[in-house]
Amino acid sequence: MEILVCVKRVPDTAENEIEVNREGNDIRRDDLVYSVNEWDNYAVEEAIQIVDKVGGSVTVVSLGDEEAEEVVRREMAMGANNGILLADEAFEGSDGKGLATILKAAVAKGNYDLILTGAQADDGAGQVGGMLAAMLDMPFASLVNSIEVLDGQKLKVGREIEGGNQEMNEIDLPCVLSIQTGINEPRYVGIRGIRKVASVEIPVWGASELGLVPEAVGAVGAKAQRVDYFVPAPGEGAEILEGSTDEIAAKLIELLKAKGGLK
Amino acid sequence: MESVLTSPAAASLFGLPAMIFAIIIPLLGIGVFVYIIVRRVTPLIQAAPDDRLNRVPERLKMVLKIWLAQWRQPRYLLAGIIHIVIFFGFLVLGIRSISLVIIGFADHFVMPGFGGSFGRMYNVLKDYAATLVLIACITAAVRRGLFKPARYAVPPRYGHGHTSEAIFVLGLISTLMLSESLFEASQAAAQVQQGVPAEFLAPLSLAWIFRQMLSGVALAALQGIHLSTYFIHDFTFFFFLCFLPLGKHFHVITSLFNVFFMRLEKGRVKPVRYGVEDDQLDELESFGVKKFTDFTWKHILDFYTCADCGRCSDRCPANTVGRPLSPRFVSIKGRDYAFRHYPLGGGNGRPPSEPLMGDIYSADEIWSCTTCGACEQECPLGIEYIDKMVDLRRGMVEEGMVPQSLQKPLGALEKRGNPWGIMEKKRAEWTKALSEDYPVKILDRKNSAATLYFVDSISSYDDRMQSLACATAKILNGVGIDFGILGKAERDSGHEVRRFGEEMLFQDLRAHNTDAIADAGVTRIVTADPHAFNALKNDYAELPPVEHISQTIARHVKSGRLRLKPVEDRTKVYTYHDPCYLGRHNELYDEPRAAIDAIPGLKRVEMTGNCRDRSFCCGGGGLMLFYEPEEEQRMGVLRVEMARKAGADVIVTACPFCLVNIEDAIKVSGMEGQMEAIDLAELVERHMVVA
C-alpha cells in the first residue's frame with residue numbers, strides 16, 4: 001500500500017512557554033523549540049505498521065519553510081521511506097483551504113492508496129484533513145483510532161466518538177483518514193537514527209513544481225484571516241479547594257454531588 | 001610401605017587387565033570434556049570483542065582476593081562457609097584425585113614433590129579435607145533439600161527448580177570423597193590385618209573411620225572394596241568433569257577466568273563497542289545487544305559462570321519489589337539460550353540471528369533495572385549486569401522500543417537539555433531564592449571562579465530540590481570557596497541518558513557540557529548530585545577534578561573551617577541512606593557519615609545489613625523517575641521501612657533523587673509526621689555556624 005502522511009512542524013507545547021508577542025499578531029518565537037505535531041507522529045507510526053504488515057511504502061510530506069525539513073527527516077528516521085518538503089514563499093499566510101490546495105497538488109503527483117493526517121495540530125484548526133479529502137473527492141474518516149486492512153480495496157477503521165464510545169466503519173480505498181493519538185505507541189527516534197538519514201536528499205517542491213498559481217494560495221488566496229492574538233482574561237467560576245488531600249477529596253465529592261456530576 | 005592388596009594397575013577386571021579400564025576412562029573422559037568445551041567456546045568466539053587482557057596485576061589481585069580467598073562468600077555466612085570448605089577441599093583433593101587416576105596405569109606413581117615429608121603432611125591434610133568436604137556436602141544437601149532457603153526458589157515463569165541438579169552434584173562430590181577414603185582405608189585395614197606397617201591415616205578422618213570399620217573384614221573383601229572404589233572414583237571423577245559444563249557447576253571451571261576478566265572499574269559503562277572510538281560510532285551498523293552474539297565474550301562467559309546462588313536477585317531492589325527483573329535469571333536464561341542454540345551435537349554452527357528481546361528477555365525486564373549495582377557487588381564470581389542492561393537498552397533504543405513514559409523526557413533532553421523541557425534560561429532561577437548574602441556567580445565572559453558548582457537538572461528545576469542547590473551554595477559560600485555555576489550553559493549531565501541506552505544523546509550532552517566547563521576556566525568541580533558526580537568523574541574525560549559536596553563538607557569540618565552547631569532536635573534519631581552512585585559506584589561511604597557525625601549531639605544509627613555497599617536503592621534516579629514500572633511496591637517504601645526498623649526517624653541522604661523517592665515513599669506509606677527525609681547538604685547548612 002502506498003501511503004502518504006502529512007506532517008507538520010509545530011512549537012512543542014510541553015517544552016515551551018507560549019506567549020503572545022508584543023505586536024499581538026503571533027506568539028513569541030525566539031526561544032521556541034519545535035517538534036513533529038504529536039498527532040502526525042501517530043499517523044506516521046500507523047503508516048509504518050501498515051506497510052510492515054501488507055507491504056508498500058510510506059511517504060511523509062510537510063508543508064512549511066526550509067526548517068520543516070527537520071521533521072521530515074525525523075519521520076524518515078522513524079521508518080518512512082520517502083520525504084517531500086513543500087516550501088515556497090508563495091505558500092506563506094495560507095489559510096486552511098490554501099494548505100489543503102497545496103497538499104492536494106502534492107497528492108496528485110503521486111499514486112497513493114491512503115492519505116493520513118493528524119486529527120489536528122497543536123497550532124492548527126483541525127480542518128485540513130477534511131478539506132483535502134473533499135478536494136480529492138475521496139472518502140474521509142476523522143479521529144481514527146484503529147485501522148485494519150481488509151483487502152486491497154477496503155479498510156476497517158475505528159473512530160473515537162463522544163463519551164469514549166467506539167464506532168467501526170468500512171471505508172473504500174483510496175481515502176483520507178485523520179488520526180487520533182493513542183492509535184498506537186509511536187517508536188522512539190534516537191539521535192543515531194536522525195544522523196543516519198541526515199544526508200538523504202529530500203525534494204523541495206514549490207508552487208511551480210506543483211503546478212499551482214501563486215494567487216490561489218498563500219496570504220493572497222486566503223479567505224480566512226487571523227485578526228488578533230491574545231491571552232483571555234481570567235474569568236470567574238474557578239474555585240481552588242484547600243486542605244489536606246482527604247479534605248480536598250471530600251469537598252470535591254460534595255461539590256460533584258451538589259452540581260449533579262455524581263449520582 | 002608394603003602393599004598388601006593388588007593395586008588397580010596390576011589387577012584384572014571382567015577377565016581383562018584393569019589397567020585397560022584405567023587408561024580408557026581418563027582418555028574417554030578427557031576426550032568428551034575437550035569436545036564439550038570446544039562447543040561451549042564457539043559462541044564466545046562469535047561474540048563481540050571485550051577488552052579484558054589489560055591491567056594484569058590488578059586482575060591477578062582480584063583472582064587472589066575474590067577467587068582464591070573467596071572474599072565475597074562470607075557475606076552469606078552459612079552458605080559461604082560451606083562453599084569455602086568445598087572450594088578448598090577441591091583445591092587440596094584435586095592433586096590427590098589426579099594422582100589416583102595416574103596410579104591406575106602407572107603403579108607406585110607419586111606426584112613430583114610429594115614423596116617426602118611434604119607428601120606425608122599433604123596426606124594428613126587431604127584426609128581431613130575429604131572429611132570436611134563430605135560434611136559440607138551433607139550440610140548443603142540438607143539445607144537445600146529440607147530447609148529450602150527462599151533465594152533458591154525458581155518462580156514458575158522461569159521454569160522448574162534447580163534443586164535436583166544441586167543435590168545430584170553434591171552426591172557426585174560425596175561419592176568422590178567416600179570412594180577415595182574407602183580406597184585408602186581398605187589398603188590400610190589389610191595392612192593392619194597382615195601385620196605389616198600400615199599407611200598413616202589422620203585420626204578421626206573419613207579414611208581413619210573407614211579403616212576402623214573395615215578392621216574385621218576378610219582380605220578378599222577388602223581387595224574387592226579397594227578395586228571397586230578405585231574405579232568408582234575414576235569413573236565419577238571423569239563423569240563429574242564432563243557434567244560440569246552442562247549446568248550451573250560450569251563455574252567450577254570458568255570461575256577462575258571469569259574473576260580474572262571481571263570488571264575493574266566501578267561507575268563506568270562499557271563503550272558501545274570495544275575498539276571503536278566515539279567519533280567512529282556513526283559507522284557502526286548496529287548498536288547494543290539485539291541478538292545473542294552482540295553480547296561480548298565476557299558477558300557470555302558470565303552466563304556460563306553463574307552458579308545460580310541467587311545472591312544477586314536477593315539483593316536486587318527491582319526483584320524485591322516485584323518488578324519483572326531478576327538478575328539471576330538474566331544469566332540463567334542467557335546460559336540456557338547458549339546451550340540451546342549451540343547444542344553439543346548437531347547445530348549448524350551459525351550464530352542465532354533472532355532478536356533476544358521478546359524471546360528470552362522482555363522490555364519491561366530490561367527497563368526495570370535502576371543500575372544500582374547491588375547484584376554486581378554481591379556476585380562471588382564477578383558477573384556483571386549493568387553493562388548488559390545498558391547494551392540491551394542501546395539495542396532497544398535503536399529499534400525505537402522505548403516506553404512512551406521515557407520518550408517525552410528524552411525528547412526534552414534533546415531539545416532543552418533537561419527532562420522536563422523547561423527553558424534553558426530558567427536553569428539558574430533557583431538562585432533567586434537566596435539572599436544577597438549568598439551570591440552565586442554565573443560563569444560567563446564577565447564572571448570567573450576557581451570552582452564550578454555543577455547543579456544538574458533536578459536541583460536546578462525541581463521546586464523541592466532547589467532547596468538542595470541553595471543549601472549547597474550556602475555551604476560553598478560559608479567555607480569561602482570561590483565558585484560559580486554555568487547557568488543556562490549547563491545541560492543535564494546525561495548520566496541516565498547513557499545508562500538508558502541513548503548513547504548518542506549522551507555524547508551530545510557531554511560535548512556541550514565539556515565545552516561549557518572548559519569555557520568557564522575552572523580548576524575544580526563540585527556537585528551535590530551523585531549522578532552528576534559519577535557522570536563527570538567517570539563518563540566524561542579531561543575535566544578538572546570532581547568532588548561531591550559530602551567530601552567538601554568532610555574536609556572543611558576536619559580542617560575546622562566549617563563549624564556546626566549542636567543538633568536542633570536531640571530527640572530525633574538519624575540514619576544515613578547510601579546513594580548507589582555515591583556508595584557502591586564511587587565508594588564514598590565515610591565522608592557523608594563523618595559530615596553527619598560532625599553535628600554535635602546528633603544520634604545516628606545504621607540500617608545494619610542494608611547500609612554501605614549493601615544499601616538498598618531508593619527507586620532510581622534520572623530518567624528512572626519517569627519510567628512507570630510494573631511493581632508490587634515502591635523501593636522507597638521498603639527503604640523507609642528499613643530505616644524505621646533501625647530505630648531512625650530521620651533519613652539523611654546525599655542525592656536529590658534519593659530525596660524525591662524517599663519523601664514520596666513517606667507520603668504514600670502514610671508515615672508523614674513519623675518519618676522525615678533530608679539531604680546532607682540541607683542538614684549541614686541548617687547547622688552551619690556562620691562566621
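Calculation rules
- Residues numbered from 1 in each chain as written.
- Chains lettered and ligands numbered in written order.
- Predicted model: local features only at pLDDT ≥ 70, side-chain atom pairs only at ≥ 80, totals over all residues.
- Helix = DSSP H or I, 4+ residues; strand = E, 2+ residues; numbered from the N terminus.
- Buried ≥ 20, exposed ≤ 12 C-beta atoms within 10 Å, placed from the backbone.
- Contact = placed C-beta atoms within 7 Å.
- Axes fitted to C-alpha atoms, helices over the stretch in contact; angles between N-to-C directions.
- Parallel < 35°, antiparallel > 145°, perpendicular 65-115°, else oblique.
- Left-handed = near helix turned anticlockwise from the far one by under 90°.
- pLDDT = per-residue confidence, 0-100.
- Pairing = 2+ DSSP bridges.
- Nonpolar A, V, L, I, M, F, W, Y, C, P; charged D, E, K, R; others polar.
- Domains from an automatic or database assignment.

1. Some points on the overall build of chain A
Now for step 1: Along its length, chain A carries eight helices and 11 strands.
Now for step 2: Counting only C-alpha atoms and orienting by the principal axes, one finds that chain A spans roughly 60 × 50 × 40 Å.
Now for step 3: Split into buried and exposed, the 263 residues of chain A put 38% on the buried side.
Now for step 4: Considering only intrachain contacts with a sequence separation of at least 6, the fraction spanning at least 24 residues in chain A is 69%.

2. Quick notes on the packing of helix 2 (residues 56-68) of chain B against helix 8 (residues 251-260) of chain B
If you want to describe how two helices pack, look at the angle between their axes and the distance between the axes.
Residue and element names in this part refer to chain B.
Now for step 1: Where helix 2 contacts helix 8, the two axes come as close as 8 Å, and the packing angle between them is 135°. Between helix 2 and helix 8, the interaxial angle falls into the category oblique. When you trace helix 2 past helix 8, the crossing you get is right-handed. For the pair helix 2 and helix 8, the contacting residues are Arg 59, Met 62, Val 63, Ile 66 and Trp 67 in the first and Ser 255, Leu 256, Val 259 and Phe 260 in the second.

3. Digging into the confidence of the model for chain B
Now for step 1: In this model, chain B carries a mean pLDDT of 95, and residues with pLDDT of at least 70 account for 100%.
Now for step 2: Predicted complex, confidence summary: ipTM 0.88, pTM 0.94.

4. A look at the sheet that holds strand 11 (residues 204-205) of chain A
Residue and element names in this part refer to chain A.
Now for step 1: In spatial order, the strands read 9-8-7-10-6-1-4-5-11; together these nine strands make up an open sheet with mixed pairing. Across the chains shown, the open sheet's two edge strands, defined by having one partner strand only, are strand 9 (165-172) and strand 11.
Now for step 2: Relative to strand 6 (residues 114-118), strand 1 (residues 2-7) runs parallel, the two sharing four bridges. Across the sheet, the residue bridging to Leu 4 is Ile 115, located in strand 6.
Now for step 3: The strands touched by helix 1 (residues 38-54) within the sheet are strand 1, strand 4 (57-63), strand 6, strand 7 (140-149) and strand 10 (175-179), with strand 1 carrying the most contacts at an inclination of about 170°.

5. Brief notes about the sheet that holds strand 6 (residues 524-527) of chain B
One key point about sheets: their strands pair by backbone hydrogen bonds, in either a parallel or an antiparallel sense.
All names here are of chain B.
Now for step 1: Here five strands make up an open sheet; going across it, the order is 3-5-4-6-7 and the pairing parallel. On the outer flanks of this sheet lie strand 3 (441-442) and strand 7 (546-548), each paired with one strand and no other.
Now for step 2: In this sheet, strand 5 (residues 483-485) lies alongside strand 3 in parallel orientation, the contact comprising two bridges. Bridged to Ile 442 within strand 5 is Ile 485.
Now for step 3: The sheet contacts of helix 21 (residues 530-539) involve strand 6 and strand 7, and relative to strand 7 the element is tilted by about 160°.

6. Some thoughts on the pairing of strand 6 of chain A
Residue and element names in this part refer to chain A.
Now for step 1: When you tally the buried positions in strand 6, you get five out of five residues, the bulk of the element.
Now for step 2: Burial along strand 6 is two-sided: the face carrying Leu 114, Leu 116 and Gly 118 and the face carrying Ile 115 and Thr 117 are both buried.
Now for step 3: Looking at chain direction, strand 6 and strand 10 are connected through five bridges and run parallel. Across the sheet, Leu 114 pairs through a bridge with Cys 175, a residue of strand 10.

7. Looking at the interface of chain B and chain A
Now for step 1: Contacts between chain B and chain A engage 22 residues on the former and 15 residues on the latter.
Now for step 2: Listed by contribution, the elements that provide at least two residues to the side of chain B that touches chain A are helix 15 (386-398), helix 16 (404-416) and helix 20 (503-520) of chain B.
Now for step 3: In terms of residue count, the dominant contributor to the side of chain B that touches chain A is helix 16 of chain B (nine residues).
Now for step 4: Each residue belonging to the side of chain B that touches chain A can be placed in one class, and the counts come to nine nonpolar, five polar and eight charged.

8. What to know about the environment of Glu 2 of chain A
Now for step 1: In this fold, Glu 2 of chain A is placed in strand 1.
Now for step 2: The spacing of Glu 2 of chain A and Thr 245 of chain A is 243 residues in sequence and 53 Å in space, taken between C-alpha atoms.

9. Considerations on the domain arrangement of chain B
As a measure of interface size, the accessible area lost when the parts come together is often cited.
All names here are of chain B.
Now for step 1: According to the domain assignment, chain B contains domain 1 (16-252), domain 2 (278-398), domain 3 (405-558) and domain 4 (561-687).
Now for step 2: Averaged C-alpha coordinates put domain 2 and domain 4 at centres separated by 31 Å.
Now for step 3: Elements with a minimum of two residues in the side of domain 2 that touches domain 4: helix 11 (317-320), helix 13 (363-367) and helix 14 (374-378).
Now for step 4: Counted by class, the side of domain 2 that touches domain 4 contains six nonpolar, six polar and three charged residues.

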